[in-house]
Amino acid sequence: MDSWINFSVATLTRISSPIFFCCLSLFVGVCGQQAFKTEPRNVTVRAGATALLKCEVLRASGVVQWVKDGLLLGPQRSLPGYPCYSMTGDQQKGQYHLQILNVSLEDDGPYECQVGRSVSSRAIVSRTAWLNVQIPPSQPYIQLESDEPWVEGDEYTVTCIAPDAKPPAEITMFRDGEELTETDSFTMSGSQDKLLNTHAEVVIKARSSDNARQLTCRAKNPAAPRALETSMTMRVYFPPQAPVIMGLENEEVKAGSFLRVVCMSYGGNPLATLHWTKNGEVLSTSWEVDVVSRRSSSVLKMEVKPEDNHAVLRCESVNQVSRSPMSFTRTLSVLFEPAEVTLQGSFEAIEGQEINLLCYTSSSNPPVHIRWWLGFRELNNTDVTISEGDNGGMMTMSNLTHKVSREDNGLSLTCEAFNKGTRFSSVRSEELIVYYPPQKVWLDAPPPNVFLHSGTALHLVCFSSGGNPTGQLVWLKNNKVLQSASRQVSSERGVSRELLLTLQPSDNLATYRCDSSNKAKKVLSAQTKLRVLFPAVSVKVVAKQQELRRGQTLDLDCLAGSSNPTANISWSLGPVMLKGVDQAPKKAEFGGMSRTSKLSLTLESHHWKKRITCQAFSNVLSEGVNNFYTLNVLFPPEFSDEQPDQVKVTEDETAELPVKVSANPDEITCEWIFQGEKLVKERDPRYHFDDWTLEIVNVSRQDGGEYIIECSNAEGKNRTKLKLDVQYAPTVRMKSDPVYVNLGDTADLLCIADANPITYSMFSWKWMGEGEVDDLGEESEDEGTGLLTIYEVTRDRAGFYKCTADNGVAPPGSVEGQLIVRFAPELQKGPQWRKVASRGDGSSDANVVCQAQGVPRVHFTWAKNGFPLDLGNPRYEEKMEVTGTVHTSILTVINVSAALDYAIFTCTAQNSMGVDSLDIQLLSTNHPDPPSDLKLLRVDHNSVTLEWMPGFDGGLTQNFRVRYQWPGSASFMYVDVFPPTATVYTVTGLNPSTTYNLSVNAINTMGESSYADNNKILSVTTAGIFSSACHGLPVYVVVILVVGGLLLFLNPLSYFLFTKWKRGRSLKVSGSTRYASRELINASAQRTLLIDSSSEPDSSVYESYGRQESSHYYYPTEAYSPALFTHPEGPEDQHGRHGINPFTHDYEEVRGWGTYEDLQSYSLLPPAAQFHSRAPVSTSYEGRVYGKTDVDVTAGVYDSTVYRRRRDTDLPFELRGELV
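A quick note: this is a predicted structure, and the numbers were derived from the prediction, not measured. Think of each chain on its own: its residues are numbered from 1, step by step along the sequence as written. In keeping with the model being predicted, local features are shown solely for residues with a pLDDT of at least 70 and side-chain atom pairs are shown and tallied solely at 80 or more, while totals for entire chains, interfaces and linings include all residues. The side-chain figures draw on all heavy atoms in the structure; neither hydrogens nor water molecules are used.

Some details on the overall build of the protein
Okay, step 1: Counting from the N terminus, the helices are DSSP H or I runs at least four residues long and the strands are E runs at least two residues long. Assigned secondary structure in the protein consists of six helices and 100 strands.
Okay, step 2: Here the protein holds 1220 residues, and 42% of them are scored as buried.
Okay, step 3: Note on areas: these come from Shrake-Rupley sampling with a 1.4 Å probe, and a residue is covered only by the protein chains present in the view. Accessible surface, the protein as shown: approximately 65400 Å² in total, 50% of it carbon and sulfur. Buried means the residue's accessible area, taken with a 1.4 Å probe over protein chains only, is under 20% of the maximum for its type, while exposed means over 50%, and partly exposed covers the values in between.

Encoded structure:
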């Protein structure tokens, strides 16, 4: 309303006089200059409270607004955009108070109350009022120079900061409740404008009493309802007190005892760390602290040792702020015994000698005393010395001098060390041994002048009695000590030592002596002399020549050594005795005689490594001695009689060519030469040499041939030959391929083999074509060539022949060669080749196919109604196809016209061998011609296989249907052949031992043909089930099989009859199909065209058998569908389907859909192979199911759907079958 008044006033101002304005002002209730009754004043308020700035206006005629920091807040009292701002008071009284809720720092600033000018008054502005918003400080916090603990006596600056306050906070600091007065304060800018941080600094000198006490900072300002405090705990480090040692009241301790002392240190922060040292070496650094009693303690446990004597124990205490460690020390005095008492000197002496002994101790505290004893007698002839020892102790030394006698032997000599103060005693004893010589020595030996044979075993025994120790016996031969004597044996009477001798030639006239002695150093002896007979001590053969060569004469001397009596000399070379020349004997060693013999021999190479033996024989002793001389005859290489002259090896194996050669010297060098070249490993990595034997890896036929081995040594050279026969498997090839021959001529197929060896009957031939050939041809061979001769060649002999050569080395080699038989063209002239059909309306093309077999290539020419056809005419196109010997010419007539093109087309096929022709009629589409040549291929107990020749298809795709009947059947059964173009078909599911009448006809969309071969009926009787299975079986086995089969058959039969009866009743209620009471339907012929010219109505009907809700139909024969195997009725599975067995074929009346459900769910057969539309098909298939094509669907009666074939008038022109 006010805005409207202002707008009106502003408008009237331009058109009215002042009097009018005044009157208008009276009209709205205001007249006169507006003025402030109350102006706003400065207001101080805490943050979060409500502030009120008062403004009252007298005679307000203008717009009243508040201004903050020069910004108009708006004329509306609710002040939109400022949720905490509003104008309050009674507007009628001119009250425009500014109320601010939840005041914050942003509200701090200058405010003015302004009234805008009006028609009757000028604008007025109040004085500036300041809204001072007080902000309490944030939580104060304390800053230290460092986070490290304080150290007693040092000064530290502590700063307390009270942030973000308005006005600035006042800070007071307390140490353990005591106010710190010497505080310096200053302010700094806060985190926001208008806020200030107060800093208070104080310098504190750390005291040990301050540790763990509180340092408090207290901040307050008018905005804070109470003072804010923050505190910190002071951590002050100070050194500990000096340590003390407890547990060592007496400084004198005994070695071996355990010492336990405790070091204590009180005070300090942190508590002191303690460690023990001994003579400056650290012993322990472990200690414990007691925080409650504020002390540290360390226990030292140690075993006292002699070396601890006068040791200084020190305990040190220190912490992190100690100026230096504080310590406490104690010195130990250790009592210890000597660690060792040693007795030195010789305790063995010869009777009458004087001994000197020494007994001394190691260091001890206090020193010990020493006494000497011999047995139970104390010896006083001593000299004692005391000196300083280790570890601050004393050592004692005593010397003893004593003259020994025989009576002292075996007595104990003892040194005793003792100390009465420490109750220590230790003794050292040794047995005193006194030596004196043996009394008597004698021998047990053979008498003098008795002759002994060398090799005889002789026992000599030496005896000795008396002496200390007993005498040591030593045997000597010719004054030389013998080490071979047995061990000395002691007895009550004395000692003995045996000498076992095997008499040698050196024992002849030798003196054997036995000496007895001991440590008394006096020797007694006894001796004897032996007489020995012996053969020659040595035989030596000496050659006068240094080098022996083949053909030289060798001179040898045999020197027989000393023998007693003189020996006789003989020579031998292996088993052959040789005659030498003996010389006169001479005196020799050991008192014997020696002899020499001479021998001459002419050398041959076979003497190499043979031995010449020289023997010296004694007739008295009946024994001899021999030696030999090995003949090292030098000769050039000679090949052994075992050296082979031929080596056979199979190709790709490893051939080993040995070298059996001997020579002297045996440093033989052999070379292999092949084809005039020297063989080396570098030439071929397949070559390997082992002791001159040549090894050829992966030998090939090229390696075969004659090899020469030439060997040489320092004496000369020699060579021999070796043949390598490499045998390899045949590799064969045809001499010419292919081989051409005219029909009726003779064909020669030559097969050439490369093989080693070439063996008899190595070649064989095989026909590689289809079928078997009784007489392959005449086979012959000549060396490496095999020949197959075929006389009066026919066309069926054309094809591939395999030639195989086998010489016993695997694998046999084979090659295939082709025989091409040239013959004149022969055209296909069956009924399906003589006609071609087309609709003839000028809108479709027709292919006239002419096919001929012939070799060589066949050329085609075409004529129409006897006149050559111009293939340049665009209405005609010719295409050639060649597959092997089959040549096909396809003449395409473009846009066939009945008037122009229905004619006779003549196809002529010609090659160099002859010519053939065929007339082909192009006519309108029509029903097919009947098949021909229906015949039986095989029959068994439940199936029959038929074959036929298709007739002309009428220009449309034709199908075949088999019709059959058996005695007693109500009507014919029909089954469509699948795939449609097959000409071999097996009818399954037949009964055994039953005669069937079968025939076949053709059907296309124009109609059907008559049955094959002028409605020929083929009668076939199936075999019996047991006709073959039971042949040769025992009677009891046949009986068991029959009874078992009967039982198995009756079980499902009873169930089948029950199910059939039950379904028959259900069908009587729901209705029946057209054929329920007429004829039996073959289960495998479902969905097929039911036509019987003799027993069925003229109309052809496609029927469906199923429940009303089923969507499964039977379709006509033209369509492609998967194969359906027949199956008997039986229990349904969980999906409502019956089990399917493709090898059963039951016949029954079709009364319901139960047996056949969801037939389209089964998998499809693979699509039919692609055949030429005219080519005969020999593939056999079983069963047929049709798809839904080209049918009219009309509602059936009850639960069936009836399909009726279209009338001819409904078919397109090309399918009506009308002749033009």
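Topic: unusual backbone geometry
Okay, step 1: N269 connects to P270 through a cis peptide bond whose omega is 0°.
Okay, step 2: Counting through the fold element by element, P270 comes out in the loop between β24 (258-266) and β25 (273-278).
Okay, step 3: A positive phi angle, close to 70°, is found at A212, a residue other than glycine.
Okay, step 4: Here A212 lies in the loop between β18 (196-205) and β19 (214-220).
Okay, step 5: Residue A212 is classed as exposed on the basis of its relative accessible area, which comes to 52%.
Okay, step 6: Backbone geometry at E792 places phi at a positive 45°, although glycine is not the residue there.
Okay, step 7: Along the chain, E792 turns up in the loop between β76 (785-790) and β77 (799-805).
Okay, step 8: A relative accessible area of 63% places E792 in the exposed class.

As for the nonpolar core
Okay, step 1: One finds W66, L98, I100 and Y111 to be the most contacted residues of the largest nonpolar core, which totals 25 residues.
Okay, step 2: It is strand β9 (residues 109-115) that contributes the most residues to this core, three residues altogether.
Okay, step 3: Leaving out residues up to four positions away in the same chain, I100 has contacts with A49, T50, A51, C84, Y85, D107, Y111 and L131. Among buried residues, those of type Ala, Val, Leu, Ile, Met, Phe, Trp, Tyr and Cys that are joined through side-chain atoms within 4.5 Å constitute a nonpolar core. Two residues qualify as a contact provided that any one of their heavy atoms is within 4.5 Å of a heavy atom in the partner residue.

Here we look at the packing of aromatic side chains
Okay, step 1: Under the pairing criterion, centres of Phe, Tyr and Trp rings, with the six-membered ring standing for Trp, must be within 6.5 Å; the plane angle then separates stacked pairs below 30 degrees from edge-to-face pairs above 60, leaving the rest tilted. The full count for this structure, using the stated rule, is 12 aromatic pairs.
Okay, step 2: Here the aromatic rings of Y82 and Y85 are separated by 5.6 Å at their centres, their planes lie at 20°, and the arrangement is stacked.
Okay, step 3: A relative accessible area of 6% places Y85 in the buried class.
Okay, step 4: Arranged with centres 5.5 Å apart and planes meeting at 15°, the rings of W442 and F463 form a pair that is stacked.

Section: the state of the cysteines
Okay, step 1: Two cysteine sulfur atoms make up a disulfide if the distance between them is within 2.5 Å. Going through the model one piece at a time under the given rule, you end up with nine disulfides.
Okay, step 2: Note that C359 is cross-linked by a disulfide to C415, the S-S spacing being 1.6 Å. Judged by the sign of its S-S torsion, about -70°, the cystine formed by C359 and C415 is left-handed. Of this pair, C359 sits in strand β34 (residues 354-361) while C415 sits in strand β39 (residues 412-419), placing them 56 residues apart in sequence.
Okay, step 3: With relative accessibility at 0%, the residue C415 sits in the buried group.
Okay, step 4: Here C558 pairs with C614 through a disulfide, and the sulfurs are 1.6 Å apart. Of note, the bridge from C558 to C614 carries an S-S torsion of about -80° and is left-handed in sense. Of the two residues, C558 sits in strand β54 (residues 553-563) while C614 sits in strand β60 (residues 611-618), which places them 56 residues apart along the sequence.

Overview of a nonpolar patch on the surface
Okay, step 1: Like-charged residues are merged into a patch within 9 Å and nonpolar side chains (Val, Leu, Ile, Met, Phe, Trp, Tyr) within 5 Å, provided each residue has over 30% relative accessible area and no salt bridge. We define a salt bridge as a contact between a side-chain nitrogen of Lys or Arg and a carboxyl oxygen of Asp or Glu at a distance within 4 Å. Together, W287, V289 and V291 give the surface a local cluster of nonpolar side chains, amounting to about 280 Å² of exposed area.
Okay, step 2: Secondary-structure assignment places W287 in the loop between β26 (281-284) and β27 (288-290).

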